[in-house]
Amino acid sequence: MAKLIPNTYPEKTVPGEKIIFETLEEAKGTGNWVAMHSLDIPEHKKKADGEADFTLLVPDQGIIIMEIKSSPYIEVKNGQWYFGKIKEKRESPFKQAVDNKHSIKENLTKESDKRFNNI
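Keep in mind that what you see is a predicted model, and the values were worked out from it rather than measured.

*Asks:* Summarise the side chain of Thr30; cite the residues concerned and give the values.
*Replies:* Following the sequence through the fold, Thr30 ends up in the loop between α1 (15–26) and β2 (34–41). Reaching out from Thr30, the side chain makes a polar contact with the backbone oxygen of Ala27 at a distance of 2.8 Å. Not counting the four nearest positions on each side in its chain, Thr30 is found in contact with Met1, Ala2 and Leu24.

Shown next as C-alpha cells:
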C-alpha cells in the first residue's frame, strides 16, 4: 500500500481520481511509494494555479505525474481533445502531465539551489 497524501480524498473528487486513489491505497508492491493527490504546483510554467492529479514518488525509479480524465465522453480528433456532453475542447492530458513535470522539476531545482547556497 502506497502512503497517500492526503490520506483521504475530498468529497468532491471526480470518480476517476477516486478509483486511482483507492487502487493505490490497496496496490501490492507499493509499500515504499508516496502518492500525492491534487498536488499544488506553485509557479507553474503555463497556468496561474497548477495542480497535478497524482504525483507518485517511486524510490530508485523516479517520479510519475498522472492526469486523470473522468468523463462520459472523451474524443480525440486531429490531435485535439474533447471532453463531456458538450464536447468541450481541452488540453491533452499528456501535454498537461509534461507541463506539470517541468514545473515541478523547476520548483524543486529552485528550492534545492536556495538550500545549497545557504550552506
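Next, the rest of the story.
*Asks:* So what's going on with the side chain of His44? Which residues, and what values?
*Replies:* Tracing the chain through its elements places His44 in the loop between β2 and β3 (50–58). Relative accessible area serves as the criterion here: at 8%, His44 is assigned to the buried category. A distance of 2.7 Å separates polar atoms of two side chains, one belonging to His44 and the other to Asn100.

*Asks:* Outline the layout of surface pockets, listing residues and values.
*Replies:* Taken as a whole, the largest pocket spans an internal volume of roughly 240 Å³. Forming the walls of the largest pocket are Thr13, Val14, Glu17, Asp53, Ile68, Lys69, Ser70, Ser71, Phe83, Gly84, Glu88 and Arg90. Grouping the constituent residues of the lining of the largest pocket by class yields three nonpolar, four polar and five charged.

*Asks:* Before we move on, could you go through unusual backbone geometry and cite the residues and values that matter?
*Replies:* In the segment running from Ile5 into Pro6, the intervening peptide bond is cis, with an omega of -10°. Note on placement: Pro6 falls in the loop between β1 (3–5) and α1. Here Ser38, not a glycine, exhibits a phi torsion of approximately 55°, which is positive. Notably, Asn78 is not glycine yet its phi reads approximately 50°, a positive angle. Along the chain, the position of Asn78 falls in the loop between β5 (74–77) and β6 (80–83). Assessed through its relative accessible area of 84%, Asn78 is described here as exposed.

*Asks:* Go over the pattern of salt bridges, please, and point to the residues and values.
*Replies:* Going through the model one piece at a time under the given rule, you end up with two salt bridges. Where Lys77 meets Glu75, a salt bridge forms, and the shortest distance between an N and an O atom there is 3.8 Å. Across the pair Asp99 and Lys95 runs a salt bridge, and its minimum N-O distance is 2.9 Å. Placement of both Asp99 and Lys95 in helix α2 (residues 93–117) is noted, with a separation of four residues, approximately one turn of the helix. Judged by relative accessible area, which is 5%, Asp99 ranks as buried. Using a relative accessible area of 37% as the deciding quantity, one classes Lys95 as partly exposed.

Rules used in this analysis
Residues numbered from 1 in each chain as written. Predicted model: local features only at pLDDT ≥ 70, side-chain atom pairs only at ≥ 80, totals over all residues. Heavy atoms only, no water. Helix = DSSP H or I, 4+ residues; strand = E, 2+ residues; numbered from the N terminus. Polar contact = N/O pair within 3.5 Å; in protein donor to acceptor, adjacent residues only side chain to side chain. Contact = heavy atoms within 4.5 Å. Buried < 20%, exposed > 50% of the residue type's maximum accessible area, 1.4 Å probe, protein only. 1 Å grid on protein atoms, 1.4 Å probe; cavity = no way out; pocket = protein on both sides within 12 Å on 5 of 7 lines; lining within 4 Å. Points joined across faces, edges and corners; volume = space filled by probe spheres on them. Nonpolar A, V, L, I, M, F, W, Y, C, P; charged D, E, K, R; others polar. Salt bridge = Lys/Arg side-chain N within 4 Å of Asp/Glu carboxyl O.

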